[in-house]
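Structural overview for review
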Amino acid sequence: MAVKAVPQVVLPEVELIESDGVPLESPWHVGAISLLIELLTWHWRARDDFYVGGNMFLYFSLEQARNRDYRGPDFFFVNGVNRFPPRPYWAVWEEDGRYPNLIVELLSPTTAEEDRTTKKRLYERTFLTPEYFCYDPATHRLEGWRLGAKGRYRAIKPDKRDWMWSEQLEMWLGNWVGTFHGMEETWLRFYGADGQLIPREAEDAQAQREAATEEARAERAQREAATEEARAERAQREAVEQELARLRARLAELEGKGKR
């Protein structure tokens, strides 16, 4: 008896949308996400083995996609993946099963509770994301958790500056007061292991211009010092020559008196 072939079941395609049209909570949130992405993109510009994204949907199952259960971390970092091409969204099954290594949520009155509960559980138990941070722009308070040996988040203790160390980035996260996107605000920034601020491209360029200006100033000061030294040597030489001339004249005068 012939075995009946099992017909192939073709699952309906799932549309992965790029945006639900809901704007971010405030201009600060827009700027803060842009700042975090810009910082790592510029700092690691020579690398192509990482991806940073923000305010974009992250799809982790077809069921989630069908249910339109949108999840969009404000900022996330994935290590050990191809940086290119740019993605309109992050679909885990299209990225060899890779989930974020680090996620940052920027709190607001409407999202704070979900960020600290529902999303935290999702990142801890489904994503297994090693590090999760929440930043409150109203209080400038940073909270952080790191995945422990038992697969549960453990709170990260801040240092005396209220900074928190990220093992995934090998950087500090902490407050910075300055202007970005035309707004003078307190922002979340990255700092190196030495405590130095990780600069933006514009800040790097400004530092280089200032360094070039300082180098030019130092060279000008060195030239002026060399000119002054030469002038002093010339004046000293002229003074010696004048003294020698005076002594010769005096000697000649004395010799003349002796002959008379």
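Here, every reference points to the structure presented above.
Our focus in this paragraph is the environment of Glu 203. Relative to the helices and strands, Glu 203 is located in helix 5 (residues 201–259). Residue contacts for Glu 203: discarding those within four places in its chain leaves Trp 176, Arg 189, Leu 197 and Ile 198. Among the polar contacts listed, one links the side chain of Glu 203 to the backbone nitrogen of Arg 200, at a separation of 2.8 Å.

Read across the sheet, 6 strands follow the order 1-3-5-6-7-8 without closing on themselves; strand pairing throughout is mixed. Of all strands in the sheet, those with a lone pairing partner are strand 1 (50–53) and strand 8 (153–155), marking the two edges. Mean inter-strand twist for the sheet, computed between neighbouring axes without regard to direction, equals 15 degrees. The pairing of strand 7 (residues 141–147) with strand 8 spans 3 bridges and is antiparallel. Note on strand 8: the bridge partner recorded for Leu 147 is Tyr 153. Here helix 1 (residues 27–43) sits on the sheet in contact with strand 1, strand 3 (75–79), strand 5 (102–106) and strand 6 (131–136), set at roughly 170 degrees to strand 1.

Thresholds, definitions, all that
Residues numbered from 1 in each chain as written. Predicted model: local features only at pLDDT ≥ 70, side-chain atom pairs only at ≥ 80, totals over all residues. Heavy atoms only, no water. Helix = DSSP H or I, 4+ residues; strand = E, 2+ residues; numbered from the N terminus. Contact = heavy atoms within 4.5 Å. Polar contact = N/O pair within 3.5 Å; in protein donor to acceptor, adjacent residues only side chain to side chain. Pairing = 2+ DSSP bridges. Axes fitted to C-alpha atoms, helices over the stretch in contact; angles between N-to-C directions.

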